[in-house]
There are 2 protein chains.
Amino acid sequence: MTQKPLIFITNDDGYLSNGIKLLEDILRPMGKVVVVAPSKEMSGQSHSITVGKPLKLSCIKKEDNFEEYSLEGTPVDCVKMAFDKVLNRKPDFLFAGINHGSNVSINTIYSGTMAAVMEGCSEGVASVGFSLCDDDKHGDLSFCLPFVKQIAENVIKHSLPTDVCLNVNFPVGEIKGIKVGHQAKGYWSEDFTMSEQEDGKRIFWLGGEYHCLDKSEQADWNIIHNNYAAVVPMQVDFTAYKLIKEMKERFDS
Amino acid sequence: MTQKPLIFITNDDGYLSNGIKLLEDILRPMGKVVVVAPSKEMSGQSHSITVGKPLKLSCIKKEDNFEEYSLEGTPVDCVKMAFDKVLNRKPDFLFAGINHGSNVSINTIYSGTMAAVMEGCSEGVASVGFSLCDDDKHGDLSFCLPFVKQIAENVIKHSLPTDVCLNVNFPVGEIKGIKVGHQAKGYWSEDFTMSEQEDGKRIFWLGGEYHCLDKSEQADWNIIHNNYAAVVPMQVDFTAYKLIKEMKERFDS
């Protein structure tokens, strides 16, 4: 009998969120599952790490083939803590989510969930992030669960190519199927609201509006809007290789 | 006479750091300069944004063609605040740094300075980040200043291709010239130290060691170690395009 795979789970909504509980339920029959997730919501924390102050780790549950911890830190802190101090080795797989909120297009760069996935990928672990495109923390995840199971089984059976992770997003409501595509080109315009004045300091609350600049049917934003799940293979290398030659001509000395 | 370009400056070391003061000195003769930088150090904050709490903005200095503000927020908050509320329009150029610490290889993903650059790029602004590969906040920046000036002049004269920003890193000490290259493949292994126990919670301090996995002479890590400045063109699109076909065969349904 082959050994059960070691599966690590994290998220950015915190260890008590609905999304992570449902992900745990799906993955527990597939291997030994260890969860280290933030003690509270850490959305929008991106790839930030905690430097200059310590991290507090609490054991929530310890059973045969299932352990759950909460960490007073960011999602990337959770990955690093798990790999070094909880698992004492790199896991076979990292799954993050199910995130309450969209991580299509430029959202992936702000996301703590996808940062955890990128961190796993950078350390050589087959890593997948799942997100429901619904900011409501009680959004209905029932339609996406069969697809989470299908993708997780596929990844556990066949792993992933080196240096590639998956960003999986689900539309709200019924899902027609799965389409692989690319990160849609788009951006958030800012719209701060000023709330009060204090000690000569102006006080603002961040707001904004997303603008999709990508008309391709293969862009994840558009895949979602056609009611398919969007799967985007991602890499941790941000180099714009197509521009290296032109930039060499401009700057090499 | 053509109008002076509007140049925006930020960083992640805070508005009082040596690096940003020297960058201001270099750029002020080149246009109208507006600085919005964090009120305190924000290293390792990556692309995080402040949600659920307000941002406080303070005006430090306002002169002809030069304004300086500090913001109690992250580097990406600074970019968003500047574009929406301080400049009231997108600037012509964004320069970040000079960062005290390396942003080569995987470091770019943790960096608040490079996150500000990526944010500017995502919003269509020609954006460049400068970093000295020396964690000492009082590290000697004198060798890199002529190269900062040269690259800034080049970018202000010729701008940058759409959707591309530059990550510029300088070695410590004398610099032989500039080489354009790619983000070195590498990762940080974790090495937490446990300091004390409190309320049943274990307390850890993050530490780690960088491992370069890239032997290419064109990798930024190796360019720096050959005493050249490394310029890497970067994009905000993380899609691993080479893998789309293979992933479509596996997952499309």
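Please refer to the structure higher up on the page.
This is a predicted model, so every value here is computed, not measured.

Draft legend 1. Main features of the environment of glycine 207 of chain B. Residues and elements named next belong to chain B. With respect to the helices and strands, the residue glycine 207 is situated in the loop between β11 (201-205) and β12 (208-212). Each C-alpha atom, one on glycine 207 and one on tyrosine 15, is 26 Å from the other, the two residues being 192 residues apart in sequence. Setting aside its immediate chain neighbours within four residues, glycine 207 contacts Ser189, Glu190, Asp191 and Phe192.

Draft legend 2. Main features of the interface of chain A and chain B. Contact residues are listed per partner, giving 88 residues for chain A and 88 residues for chain B. Roughly 7800 Å² is buried in total at the junction of chain A and chain B, and carbon and sulfur atoms are behind 59% of that figure. For chain A, the biggest contributors to the area lost against chain B are Glu190, Phe238 and Phe251 of chain A; these three give 10% of the whole. There are 4 salt bridges connecting chain A and chain B.

Draft legend 3. Expanded view of the packing of helix α1 (residues 18-27) of chain B against helix α5 (residues 145-158) of chain B. Residues and elements named next belong to chain B. Interhelical geometry of α1 versus α5 gives an angle of 50 degrees and a closest axis separation of 10 Å. Taken as axis vectors, α1 and α5 run oblique relative to one another. For the element pair α1 and α5, the recorded crossing hand is right-handed. The residues of α5 that touch α1, namely those facing Leu22, Leu23, Ile26 and Leu27, are Leu145, Val148, Lys149 and Ala152. Of the residues assigned to the contact of α1 with α5, the class counts are 7 nonpolar, no polar and 1 charged.

Draft legend 4. Expanded view of the side chain of histidine 182 of chain A. Within the secondary structure, histidine 182 of chain A sits in the loop between β8 (178-180) and β9 (186-190). Leaving out residues up to four positions away in the same chain, histidine 182 of chain A has contacts with Asp214, Ser216, Gln218, Ala219, Asp220 and Val232 of chain A together with Thr239, Tyr241 and Ile244 of chain B.

Draft legend 5. Here's a closer look at the pairing of strand β7 (residues 165-170) of chain B. All names here are of chain B. With 6 of 6 residues buried, β7 lies mostly within the body of the structure. Residues Cys165, Asn167 and Asn169 point to one face of β7 and Leu166, Val168 and Phe170 to the other, with burial holding for every one of them. Where strand β6 (residues 126-132) meets β7, 5 bridges bridge the pair, whose relative direction is parallel. Paired with valine 128 across the strands is leucine 166, a residue of β7. Handedness of the crossover is the feature at issue here: the chain leaves β6, passes through α5, returns alongside β7, and the resulting connection is left-handed.

Draft legend 6. Here's a closer look at the relation of the copies chain A and chain B. Each copy superposes on the other: chain A lies on chain B with an RMSD of 0.0 Å after a rotation of 180 degrees and an axial shift of 0.0 Å. Such a combination of rotation and displacement between the chain copies is what one expects of a two-fold axis. The fraction of interface residues of chain A whose copies in chain B are also interface residues reaches 100%, indicating that both copies meet through the same surface.

Draft legend 7. Examining the pattern of salt bridges more closely. Scanning the entire structure with this criterion turns up 30 salt bridges over all chains. Between lysine 80 of chain A and glutamate 119 of chain A there is a salt bridge, with the nearest N and O atoms lying 3.0 Å from each other. One end of the pair, lysine 80 of chain A, is in helix α2 (residues 75-86); the other, glutamate 119 of chain A, is in helix α4 (residues 112-122), with 39 residues separating them in the sequence. With a relative accessible area of 4%, lysine 80 of chain A lands in the buried category. Note that glutamate 67 of chain B is salt-bridged to lysine 32 of chain B, the shortest N-O span being 3.4 Å. In this pair, glutamate 67 of chain B sits in strand β4 (residues 66-71) while lysine 32 of chain B sits in strand β2 (residues 32-38), placing the two residues 35 residues apart along the sequence. Residue class for lysine 32 of chain B comes out partly exposed when judged on its relative accessible area of 28%. A cluster of three or more residues bridged by salt bridges with shared partners is formed by Lys80, Lys90, Glu119 and Glu123 of chain A together with Glu190 of chain B.

Draft legend 8. Looking closely at the environment of lysine 157 of chain A. Mapped onto the elements, lysine 157 of chain A comes out in helix α5 (residues 145-158). Once the C-alpha coordinates of lysine 157 of chain A and proline 75 of chain A are considered, the two residues, 82 residues apart in sequence, prove to be 26 Å apart.

Draft legend 9. Structural context of empty space enclosed by the protein. One pass over the structure, following the stated rule, counts 1 cavity of 30 Å³ or more. Around the largest cavity sit 18 residues that line it, and Ser46, Ile109 and Phe238 of chain A together with Ser46 and Ile109 of chain B are the ones nearest its centre. Residue assignment for the lining of the largest cavity shows that the elements contributing at least two residues are α3 (107-110) and α4 of chain A together with α3 (107-110) and α4 (112-122) of chain B. Looking at side-chain class alone, the lining of the largest cavity contains 10 nonpolar, 8 polar and no charged residues.

Draft legend 10. Quick look at the packing of aromatic side chains. Overall, the coordinates contain 15 aromatic pairs over all chains when judged by the stated rule. Look at phenylalanine 130 of chain B and phenylalanine 170 of chain B: their rings are 6.2 Å apart centre to centre, the planes differ by 15 degrees, and that puts the pair in the stacked class. Note that phenylalanine 130 of chain B is positioned in strand β6 and phenylalanine 170 of chain B in strand β7, a separation of 40 residues in sequence. The exposure classification of phenylalanine 130 of chain B matches that of phenylalanine 170 of chain B, with both residues buried. Measuring from ring centre to ring centre gives 6.0 Å for tryptophan 188 of chain B and tyrosine 210 of chain B, while their planes differ by 55 degrees; the resulting arrangement is tilted. Of the two residues, tryptophan 188 of chain B is situated in strand β9 (residues 186-190) and tyrosine 210 of chain B in strand β12; the sequence distance between them amounts to 22 residues. Given a relative accessible area of 27%, tryptophan 188 of chain B falls into the partly exposed group. A cation over an aromatic ring shows up here: lysine 179 of chain A above the ring of tyrosine 228 of chain A, its NZ or CZ 4.4 Å from the ring centre.

Rules used in this analysis
Within any chain, residue numbers begin from 1 and follow the written order of that chain's sequence. In the order they appear in the text, chains get letters beginning with A and ligands get numbers beginning with 1. The predicted origin of the model limits local features to residues at a pLDDT of at least 70 and limits the giving and counting of side-chain atom pairs to 80 or more, whereas totals for whole chains, interfaces and linings rest on all residues. Derived side-chain values reflect all non-hydrogen atoms in the structure, with water molecules and hydrogen atoms excluded from consideration. Only DSSP runs of H or I reaching four residues or more are called helices, and only runs of E reaching two or more are called strands; each is numbered from the N terminus. Contact between two residues is taken to exist if any of their heavy atoms lie within 4.5 Å; hydrogens are not considered. Here the quantity called buried area is the accessible surface, traced with a 1.4 Å probe, that two parts lose on coming together, added over both. The rule for a salt bridge is simple: a side-chain nitrogen of Lys or Arg has to be within 4 Å of a carboxyl oxygen of Asp or Glu. With axes taken as lines fitted to C-alpha atoms, and helix axes fitted only over the stretch in contact, angles between N-to-C directions fall between 0 and 180 degrees. Should an angle lie under 35 degrees it is considered roughly parallel, over 145 roughly antiparallel, and from 65 to 115 roughly perpendicular; all remaining angles are considered oblique. Put simply, a crossing is left-handed when the front helix is turned counterclockwise from the back one by less than a right angle, and right-handed when it is turned clockwise. Under this grouping Gly is polar, as are all residues other than the nonpolar Ala, Val, Leu, Ile, Met, Phe, Trp, Tyr, Cys and Pro and the charged Asp, Glu, Lys and Arg. Relative accessibility thresholds used throughout: buried, under 20% of the residue-type maximum; exposed, over 50%; partly exposed, between the two (1.4 Å probe, protein chains only). Pairing between two strands is assigned when DSSP locates at least 2 bridges connecting them. A crossover gets the label right-handed when its path from the first strand over the helix to the second runs clockwise, viewed with the strands pointing away from the viewer. Least squares is the method for superposing the copies, and the C-alpha atoms it fits come from residues with pLDDT of at least 70 in both. Using a grid of 1 Å spacing that covers the protein atoms alone, one calls a set of points a cavity when a 1.4 Å probe fits there but cannot get out, and a pocket when the set is open and has protein on both sides within 12 Å along at least five of seven lines; lining residues are those with an atom within 4 Å of a point. Grid points are joined across faces, edges and corners, and a volume is the space filled by probe spheres set on the points. Here the aromatic set is Phe, Tyr and Trp, taking the six-membered ring for Trp, and pairing holds for ring centres within 6.5 Å; pairs whose planes are under 30 degrees apart are stacked, those over 60 apart are edge-to-face, and all others are tilted. A ring is scored as having a charge over it whenever the NZ atom of a lysine or the CZ atom of an arginine sits within 6 Å of its centre and within 35 degrees of its normal.

Distances and angles like these do not, on their own, reveal function.
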